[in-house]
Amino acid sequence: IKESYNFLYPSLFSPNPLNLASLQKEDVKTELSGVYSFPLLPKDECKQLLEEFLHFKQSNLSHQRPNSMNKNGILLEELGLDSLIHRIVKHVEPIAKELFPDLVGENGGFDSFKAFTVEYDGQQDARNPDLELDTHFDNAEVTLNIPLTQGFEGSELYFEYKNGFKSLQMEVGRAILHSGRLLHGVMPIEEGYRHNIIIWMRSSEVRNRMCPMCKEVPQLEEVEGTTGDGFTILEDQS
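Novice: How should I be thinking about the overall build of the chain in this particular structure?
Specialist: In terms of regular secondary structure, the chain is built from four helices and twelve strands. Its C-alpha atoms give the chain a radius of gyration of 18 Å, near enough to 18 Å, the size a compact globule of 238 residues would have. Over its C-alpha atoms, taken along the principal directions, the chain stretches across nearly 55 × 50 × 35 Å. In the chain, which comprises 238 residues, the share counted as buried stands at 48%. Long-range pairs, those at least 24 residues apart, make up 77% of the contacts in the chain between residues at least 6 apart in sequence. Carbon and sulfur atoms make up 45% of the accessible area of the chain, which totals about 12,500 Å². On the chain, the mean spot of the 22 positive side-chain charges and the mean spot of the 38 negative ones are 3 Å from each other.

Novice: How should the sheet that holds strand β9 (residues 174-179) be read in this particular structure?
Specialist: In a beta sheet, neighbouring strands are held together by backbone hydrogen bonds and run either parallel or antiparallel to one another. Judged by pairing direction, the sheet is antiparallel, and its six strands sit side by side in the order β1-β2-β9-β5-β12-β3 without closing on themselves. At either margin of the open sheet sits one strand with a lone partner, and together these are β1 (29-32) and β3 (112-121). Taking each pair of neighbouring strands and ignoring which way they run, the sheet shows an average axis angle of 25°. In this structure, strand β5 (residues 142-147) lies alongside strand β12 (residues 193-202), joined through six bridges in antiparallel fashion. Following the sheet pairing, Asn 145 is matched in β12 by Ile 198.

Novice: What's the story with helix α1 (residues 43-58) in this structure? I'm lost.
Specialist: Residues three or four positions apart in an α-helix share a direction because the helix packs 3.6 residues into each turn. For α1, with 16 residues, the first-to-last C-alpha span of 22 Å sits near the 22 Å given by 1.5 Å per residue. Among the residues of α1, Glu 45, Cys 46, Leu 49, Leu 50, Glu 52, Phe 53 and Phe 56 are the ones counted as buried. Down the axis of α1, the buried set is contained in an arc of 160°. They therefore lie on one face. When the buried face of α1 is taken as reference, the exposed residues oriented beyond 90 degrees from it are Lys 43, Asp 44 and Gln 58. Those residues of α1 that are buried are in contact with α2 (76-79), α3 (82-99), β3, β5 and β12. Residue Asn 60 follows α1 closely and has a positive phi angle near 60°.

Novice: Which parts of the structure should I look at to understand the sheet that holds strand β4 (residues 133-136)?
Specialist: Pairing in this open sheet of four strands is antiparallel, and the strands run β4-β10-β7-β8 from one edge to the other. Because the sheet does not close on itself, it has two edges, and the strands there are β4 and β8 (164-168). Across the sheet, the mean angle from the axis of one strand to that of its neighbour is 20°, orientation sign disregarded. In this sheet, strand β10 (residues 184-186) lies alongside β4 in antiparallel orientation, the contact comprising two bridges. Pairing of Leu 133 across the sheet is with Val 186, part of β10.

Novice: Please clarify how the environment of Gly 105 should be interpreted in this entry.
Specialist: Counting through the fold element by element, Gly 105 comes out in the loop between α3 and β3. Put simply, Gly 105 and Gln 219 are 114 residues apart on the chain and 19 Å apart in space, counted from C-alpha to C-alpha. In contact with Gly 105, not counting residues within four places along its chain, are Lys 97, Ser 203, Glu 205 and Val 206.

Novice: Looking at this structure, I do not really get the pairing of β5. What am I missing?
Specialist: Taken across its six residues, β5 has six buried, putting it largely inside the fold. By the alternation rule, side chains of β5 split into Val 142, Leu 144 and Ile 146 and Thr 143, Asn 145 and Pro 147, which are all buried.

Novice: For this particular structure, what's the right way to read unusual backbone geometry?
Specialist: Not every positive phi belongs to a glycine, and Ser 155 is a case in point at roughly 60°. Within the element layout of this structure, Ser 155 appears in the loop between β6 (153-154) and β7 (157-161). Look at Ser 155 and you get buried, because its relative accessible area is 0%. Phi is positive for Lys 162, which is not a glycine, with a value near 55°. Mapped onto the secondary structure, Lys 162 falls in the loop between β7 and β8.

Conventions used here
Residues numbered from 1 in each chain as written. Predicted model: local features only at pLDDT ≥ 70, side-chain atom pairs only at ≥ 80, totals over all residues. Heavy atoms only, no water. Helix = DSSP H or I, 4+ residues; strand = E, 2+ residues; numbered from the N terminus. Rg over C-alpha atoms; globule rule 2.2 N^0.38 Å. Buried < 20%, exposed > 50% of the residue type's maximum accessible area, 1.4 Å probe, protein only. Contact = heavy atoms within 4.5 Å. Areas by Shrake-Rupley, 256 points an atom, 1.4 Å probe, with all protein chains shown as cover. Lys, Arg positive; Asp, Glu negative; His and termini not counted. Charge placed at Lys NZ, Arg CZ, Asp CG, Glu CD. Pairing = 2+ DSSP bridges. Axes fitted to C-alpha atoms, helices over the stretch in contact; angles between N-to-C directions. Expected span 1.5 Å × (residues − 1). Arc of directions from axis to C-beta.

Shown next, in the form of structure tokens:
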């Protein structure tokens with residue numbers, strides 16, 4: 001796909017594509033237990049990213065669905081945005097390690113990721129839109145959620161909280177960081193359009209001890225040309 005696609009903003013595909021906000025512990029707000037937010041991207045860069053993604057969708061190039069739950073959205077690796085996502089992951093890794101020490105490997109940190117966009121569309125002319133997302137957990141040690149739009153109604157991101165659930169309001173460019181193991185979902189969108197970047201950040205050092213999906217010790221097999229869903233065979237497993 002990336003060989004066939006004509007970029008709208010070529011600078012996004014350069015080695016240093018974004019002006020990421022400096023990230024200090026005092027910038028991090030605790031939204032609820034295990035869920036944090038902090039400023040990450042300026043609104044003008046969020047606008048550029050959104051326009052790039054919409055431009056790609058208008059190209060009608062064939063692409064995979066982002067995950068098994070969402071129909072709409074794109075895999076950012078297919079688009080050729082590996083450098084951009086890798087830079088974001090390494091930028092937030094120190095804070096993630098401090099907030100989730102048991103979920104980020106001491107030696108390798110986040111050594112792979114899956115990055116994609118999600119779209120929730122409440123407009124009347126929307127074709128086969130995603131409207132909500134059932135309660136679930138992620139195939140990730142830690143998840144980063146970056147809102148790109150505002151002005152929609154509904155579509156609140158909610159998390160398991162005490163004996164129920166609690167929803168959060170989102171702000172363009174303000175990232176939400178949470179454990180992939182924390183149950184969460186999206187309420188139905190009532191009006192407008194919501195578009196977010198989701199990055200499932202993975203640590204093979206952690207998931208080699210326990211699969212985040214089945215909660216069992218994984219039986220590892222060699223694969224080529226892929227990160228193997230975030231698992232890695234260690235040379236010495238004694």
